[in-house]
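# Architecture at a glance
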Amino acid sequence: MDTLERIRNLLIERNWTEYKLAKEAGLPQSTISTLFRRNNLPSIPTLEAICGGLGITMSQFFAEQELVELTAEQRAFFNDWAVLSPEDKLLVEQLVKKLKTAK
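How each quantity is defined
Residues numbered from 1 in each chain as written. Predicted model: local features only at pLDDT ≥ 70, side-chain atom pairs only at ≥ 80, totals over all residues. Heavy atoms only, no water. Helix = DSSP H or I, 4+ residues; strand = E, 2+ residues; numbered from the N terminus. Rg over C-alpha atoms; globule rule 2.2 N^0.38 Å. Contact = heavy atoms within 4.5 Å. Expected span 1.5 Å × (residues − 1). Buried < 20%, exposed > 50% of the residue type's maximum accessible area, 1.4 Å probe, protein only. Phe/Tyr/Trp six-rings, centres within 6.5 Å; stacked < 30°, edge-to-face > 60°. Lys NZ or Arg CZ within 6 Å of the ring centre and 35° of its normal.

## Observations regarding the overall build of the protein chain
Each helix and strand in the protein chain was counted, giving 7 helices and 0 strands. Each helix (α) and strand (β) of the protein chain, taken in turn from the N terminus, gives the series α-α-α-α-α-α-α. The C-alpha radius of gyration of the protein chain comes to 17 Å, more than 25% above the 13 Å expected for a compact globule of 103 residues. For the protein chain, the C-alpha atoms occupy an extent of roughly 55 × 25 × 25 Å along the three principal directions. Across the protein chain, the fraction of contacts at a sequence separation of at least 24, relative to all contacts at a separation of at least 6, is 47%.

## Let's talk about helix α7 (residues 86–101)
An ideal rise of 1.5 Å per residue puts 22 Å on 16 residues; α7 measures up with 23 Å between its terminal C-alpha atoms. The buried count for α7 comes to 0 of 16 residues, which makes it a mostly uncovered element.

## Things to note about the packing of aromatic side chains
Counted according to the given criterion, the structure contains 3 aromatic pairs. Their ring planes at 80° and their centres at 5.7 Å tell us that Phe77 and Phe78 sit as a pair that is edge-to-face. Accessibility expressed as a relative area gives 43% for Phe77, which makes it partly exposed. In textbook terms, an aromatic cluster arises when at least three aromatic residues are bridged by ring pairs, as seen for Phe77, Phe78 and Trp81. Here Arg14 stacks its cationic end above the ring of Trp16, 5.9 Å away from the centre of that ring. Its end group placed over the ring of Trp16, Lys20 keeps NZ or CZ at 5.2 Å from the ring centre.

Okay, structure coming up:
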């Protein structure tokens, strides 16, 4: 997979400019334009920022299948989930299952 082509395709799908991507990713616009102009591969931290700006994970970026985009609410939930202890995650899972069956 061509990384720059993948970024270009994601920009086209969203109808985003390089400037919009830079803004969403928290990167200087010159970083994004330099990648394309010089045909450079982004560093891992830059690619992580780009993926974050696009609202996808790096595994979704490299996935061969269709992307599932998270809403801001879902992203916030998963960010909170990531810092929970295994015990707390189990409690949340149990709560969600209980709420699901209560309907």
